Each structure stands twice: as structure tokens, then as C-alpha cells.
Amino acid sequence: MEVDSSTRFSFSKLDTYKGCPRRYRYRYVDKIVRERRTVETFLGECVHGALEELYGRLQHGKTSSLDEILAVFGAKWKAGWSPEIVIHDKALSADDFKRVGEDCLRTYFGAHAPFSDDRSHEVEKKLGLSLAVDVDGTALECRIEGYLDRLSFPKEEPEAVEIHDYKTGGHLPTQEVVDANFQFDVYDLLVRSQYPRTKEVRVLLHYLRFNRVLSPSRDPRLDQTAKTRAVLESLIRSVRRDHAWEPHKSQLCDWCEYRDICPLWAHVEKVKALSSAAARKDDGVRLVDELGGLEEKKKDLKDELRRLEKVEEGLRALIFDYAGALMAAEGEKTFVVSGTEGEAVVSEKEELKFPTKTHAPDRLRELEGLLKDMAVWRDVSRVDTGLLVEGAKARRWDPEVLRAVEALIERFGRLVREKHLRFRRKKGEEEPG
Ligand code: SF4
């Protein structure tokens, strides 16, 4: 079983784990190197490189003109471009993306030249801190590291530090999304630990395509650094405990460099590369197509069954009416209606119905609340093992309770390996009912 024994983590490494544990395993545990780069990543690298040059020169007291920085960008583009770089949007060309990069730099110059607001800058700054993480009773000395696009020290505020992060993507997030982004909490923590005398850390996110600067807002009353440390510790614990590295399907899969080996995509990718004649001969395609045909037939039969059930419902109602009139007249509770092949026994009885989880869950909770205070609760309540396991997985309880629950699960739970198969139609086709 593959385990991760690393003790050095960055935000992007932990974010990879959060997005998909399997991708994390391929990249950081198995160390499978893939050169696949997208044009968006390449564009970001070239713009970052040009801005690094601009601020690098400023550190040495040299200013640069827009033309000089555009020339740096152009040189980086020319040197780095390769036909292997992936352009997902077939309506756009490499030149379109190059123009986007140049526009980003022009807009940035328009808004910030002559770049004299700050006392000093540090570009592509690597910061790090130590973090002791308790993993199942063992104290693990970890290192958290991060590269910051630029740090600046405002002239008028000697105790403030600004973190600048440059975004070249074509999507402007909402303020809520910016506020929820953990990356900036990690940056904040790194800066505060490197510059302990800093009173204020401001994060400025430059969305260059939109000429907008967004900043995450934080509640000043909360100890953000303690919270950030706790989240980092919890993430590292999850990484170190993981043995399964479950693949997590999401939009990220579209950009993932490991689709050809990922169990969720490997066969999809293989079939995509085949001609339609060759694909039809593939054993997997053949079997799943056969299953798809069966599912289609089952769907037709189920539709027919539903239609028959509707007819049956109408017939039953008519028989109830027929027998009901006679039963009411005679005050009977049972009546048999005879046919040539069989008979229908109509009866009337009273039953107690209670609220359920699906129908009237609030009333069910109210009933449970009242019963819990009564001595009968022990006799009438049942253990919901599904909820027990779910609660333990979500670490819903205090550590002491959680340990006791985990011990019970280990003692009474039996791990059984079962295979499941679920057929689903590809996008654009109707899912069978
Ligand atoms: S393709 Fe998707 S599920 Fe598979 S490793 Fe990549 S991100 Fe994870």
C-alpha cells in the first residue's frame, strides 16, 4: 500500500490533495512526472516572468518602460512556446493568448506605473515555517513552504506588508469565493512568521484581465493564524493517514495530466484514441454497450409497468366504490367481489401511521426528543450504524468520544470487499429511470 512519508508541504500540494487524493498520489507519492502544460499555465508563467523582471529591476533602482517589459514577455513566449502546449478552446489560437498576456501587462502599467508607491519589493519570494503535527500520537515536524509572486512594504506604513498575487485567468471570482480561499490564509501565516513585527498583512489579488484588485476580508477579532495552523495540521494528518487515495471526479479532471492512468478515465481515454470501428471491437466497449442495451430494455419494461400500475390503480378505485357502497349499507368491514378467474377481497381496517424521515421529519424529531426523556427509549430505539460510521469519518465528535466510537467500529464492524457496478449514460443522453 502506498503511503506518503513527506514532511514538506505547500499550499498547492495540500490543495492538490483536497481536489483529488489520487492526483496527489500520482504527483507526490509515485512522483510520476508529466510535461503536459496548458496554454493558460504558460500564459501565466510568461506574464509572471515579465512582472518579475520589472520588479527585479526596481529592486536595483532601475525603471522599465512598457515596451521593454513587453519585449521581455515576447522573448519568454518565443523561448517557451511548444506545440505540445494544450489549447482546450479550439476557437482560440496561441496568438490570441499571447495578445491576452500583452493586454494584461499594458493594463497593469496603465494602473500602476511608475511603481513608486512602495518602500521596497521582494519578488518570487520563498517563505517557510515549521509546524508540529500530531499524527496518531506521533509528533511530526513538518515544513510549510510557499512562493509569493511579490511582497511589498508600503512607504507610509512601516508595519504593513502587502502580498501581491497575479492572476491571468479569464474568470473573475466573487468576493465570497475570494474570502473562502485558504491559499491567502497560508500566505498570511507565512508572512507573519517570517516578519514577526508585522501588524498588518494585506493580500492583493491582481486580476489582470479585468484590471481589478480583490482582497480577502477577514474578521479581525478572530485569531486567523491559529485557525490556519489547525486547518494545515488536519490536512497533513489526512494525507499521512491516507492509504486508499480515492480518485475524486470533478471539473479538475478536464485539466488533469494523469487521465490516461486514472481508473476513472483510463478506458475513456483509450477508447477516445481508437477509430469507431476499432472501438466497437474493444471488449470493454462491447460489454458496456450490451449492458446499455439491456438497461434500455429494462427502462421500456419499467415504463410499461408504470402504465399498468396506473390502470390497476383506476380499477382498484372502481372496485372499492363497488364494494364500498354495499359495505356501508350493511356496516361490513370485509366484502368479497367475485370474478370468473379470481376474487377481490375488500377490507377496511385502522392502522397507526407515524411521521418518517421522508414524510414529516420535523415531527419525527419531535417524537424522538420526547421519547429520549422517557425510560422506554432504551427499548424502542435502534442503533443506526450508517450514521455512526459517517459521523466517525466526518470526525463529528470530540477526540475522546471519537476514539471510543472508532474502537467500537473496529471491534464490531466487518470489512467486506464487495463489487458494485452502476451503468450511466454519457452526457447528452437520457439516463434510464
Ligand atoms: S483524472 Fe480526475 S479523478 Fe483522476 S486523478 Fe485526475 S483529478 Fe483525480
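What you are looking at is a predicted structure, and each value in this text was computed from that prediction instead of being measured.

Here we take up the overall build of the protein. Along the protein, the regular secondary structure elements total 15 helices and eight strands. Here the C-alpha radius of gyration of the protein, 32 Å, is well above what a compact globule of 433 residues would show, namely 22 Å. Principal axes of the C-alpha set define a box for the protein whose edges measure 105 × 65 × 45 Å. Partitioning the contacts of the protein with sequence separation of at least 6, the portion at a separation of at least 24 is 65%. As displayed, the protein has an accessible area near 29,600 Å², and 53% of this comes from carbon and sulfur atoms.

Their axes nearest at 10 Å, the elements helix α4 (residues 66-80) and helix α5 (residues 94-112) cross at an angle of 150°. As judged from the angle between their axes, α4 and α5 are roughly antiparallel. Crossing hand, α4 versus α5: right-handed. Taken together, the residues of α5 that come into contact with α4 (itself represented by L66, I69, L70, F73, G74 and W77) are A94, F97, K98, G101, E102, L105, R106 and F109.

For the structure on display, the rule yields 36 salt bridges. Its salt-bridge partner being R202, residue E200 comes within 3.2 Å of it at the nearest N-O pair. For K299, the salt bridge goes to D303, with nearest N and O atoms at 3.6 Å. In this pair, K299 and D303 are both assigned in helix α11 (residues 283-330), four residues apart and thus about one turn of the helix distant. Under the relative-accessibility criterion, K299 is labelled buried at 17%. With relative accessibility at 30%, the residue D303 sits in the partly exposed group. Connected through shared salt-bridge partners, E157, E162, E200 and R202 make up one network.

What follows covers the packing of helix α14 (residues 385-393) against helix α15 (residues 399-412). One way to put it is that α14 packs onto α15 with a least axis distance of 10 Å and a crossing angle of 130°. Here α15 runs oblique to α14, going by the angle between their axes. The two elements α14 and α15 cross, and the hand of that crossing is left-handed. Of the residues in α15, those touching α14 at L388, V389, G391 and A392 are L402, V405 and I409. Class assignment of the residues belonging to the contact of α14 with α15 gives a composition of six nonpolar, one polar and no charged.

Quick look at the side chain of E145 now. In this fold, E145 is placed in strand β3 (residues 138-154). Using a relative accessible area of 16% as the deciding quantity, one classes E145 as buried. A distance of 2.6 Å separates polar atoms of two side chains, one belonging to E145 and the other to R8. Ignoring anything within four residues of it in the chain, the contact list for E145 reads R8, F9, S10, F11, K126, L127, G128 and L190.

This part is about the site of the ligand. The local shell around the ligand consists of C20, R22, R23, P247, H248, C253, C256, R259, C262, L264 and W265. Here the shell around the ligand is composed, by residue class, of seven nonpolar, one polar and three charged.

If you look at the biggest cluster of nonpolar residues, it comprises 38 residues, and the most contacted ones within it are F9, I144, L151, I163, V191, L232 and I236. Among the secondary structure elements, those contributing two or more residues to this core are α1 (11-19), α2 (21-29), β2 (118-135), β3, β4 (160-167), α7 (182-194), β5 (200-207) and α8 (224-241). In terms of residues, this core owes the most to one element, α7, which gives seven residues. If sequence neighbours within four positions are ignored, I163 has contacts with L148, R150, L151, Y187, D188, V191, V201, R202, V203 and L204. In this structure, V39, F42, L51 and C104 belong to the second largest nonpolar core, which totals 27 residues.

Here we take up the pairing of strand β7 (residues 334-338). Note: β7 against strand β8 (residues 343-347), five bridges, orientation antiparallel. Looking across to β8, one finds that S338 is bridged to E343. Taking the residues between adjacent antiparallel strands as the criterion, β7 and β8 are bridged by four residues.

A few words now on α11. Here α11 contains 48 residues, and its C-alpha end-to-end distance of 68 Å stays within 8% of the 70 Å for a straight helix at 1.5 Å per residue. Among the residues making up α11, those that are buried are V285, G292, E295, K299, A323 and M327. Next to the buried residues of α11 lie α9 (266-272), α10 (276-281), β7 and β8. Measuring from the side-chain oxygen of the N-cap residue of α11 to the backbone nitrogen of G284 gives 2.9 Å; that N-cap residue is D282. Once α11 ends, the next one or two residues include G331, with phi positive near 70°.

The topology assignment puts E102 in helix α5. What E102 contacts, discounting residues up to four positions off in sequence, is L70 and F73.

Turning our attention to the confidence of the model for the protein. Per-residue pLDDT for the protein averages 90, and the proportion of residues at 70 or more is 97%. Counting contacts from residues 429-433, a segment whose pLDDT is below 50, to residues more than four positions away or on other chains yields 10 contacts.

The next subject is the domain arrangement of the protein. According to the domain assignment, the protein contains domain 1 (8-255), domain 2 (283-347) and domain 3 (361-412). Each of domain 2 and domain 3 has a C-alpha centre, and these two points are 39 Å apart.

Conventions used here
- Residues numbered from 1 in each chain as written.
- Predicted model: local features only at pLDDT ≥ 70, side-chain atom pairs only at ≥ 80, totals over all residues.
- Heavy atoms only, no water.
- Helix = DSSP H or I, 4+ residues; strand = E, 2+ residues; numbered from the N terminus.
- Rg over C-alpha atoms; globule rule 2.2 N^0.38 Å.
- Contact = heavy atoms within 4.5 Å.
- Areas by Shrake-Rupley, 256 points an atom, 1.4 Å probe, with all protein chains shown as cover.
- Axes fitted to C-alpha atoms, helices over the stretch in contact; angles between N-to-C directions.
- Parallel < 35°, antiparallel > 145°, perpendicular 65-115°, else oblique.
- Left-handed = near helix turned anticlockwise from the far one by under 90°.
- Salt bridge = Lys/Arg side-chain N within 4 Å of Asp/Glu carboxyl O.
- Buried < 20%, exposed > 50% of the residue type's maximum accessible area, 1.4 Å probe, protein only.
- Nonpolar A, V, L, I, M, F, W, Y, C, P; charged D, E, K, R; others polar.
- Polar contact = N/O pair within 3.5 Å; in protein donor to acceptor, adjacent residues only side chain to side chain.
- Near = heavy atom within 4 Å.
- Core = buried A, V, L, I, M, F, W, Y, C linked by side-chain atoms within 4.5 Å.
- Pairing = 2+ DSSP bridges.
- Expected span 1.5 Å × (residues − 1).
- pLDDT = per-residue confidence, 0-100.
- Domains from an automatic or database assignment.

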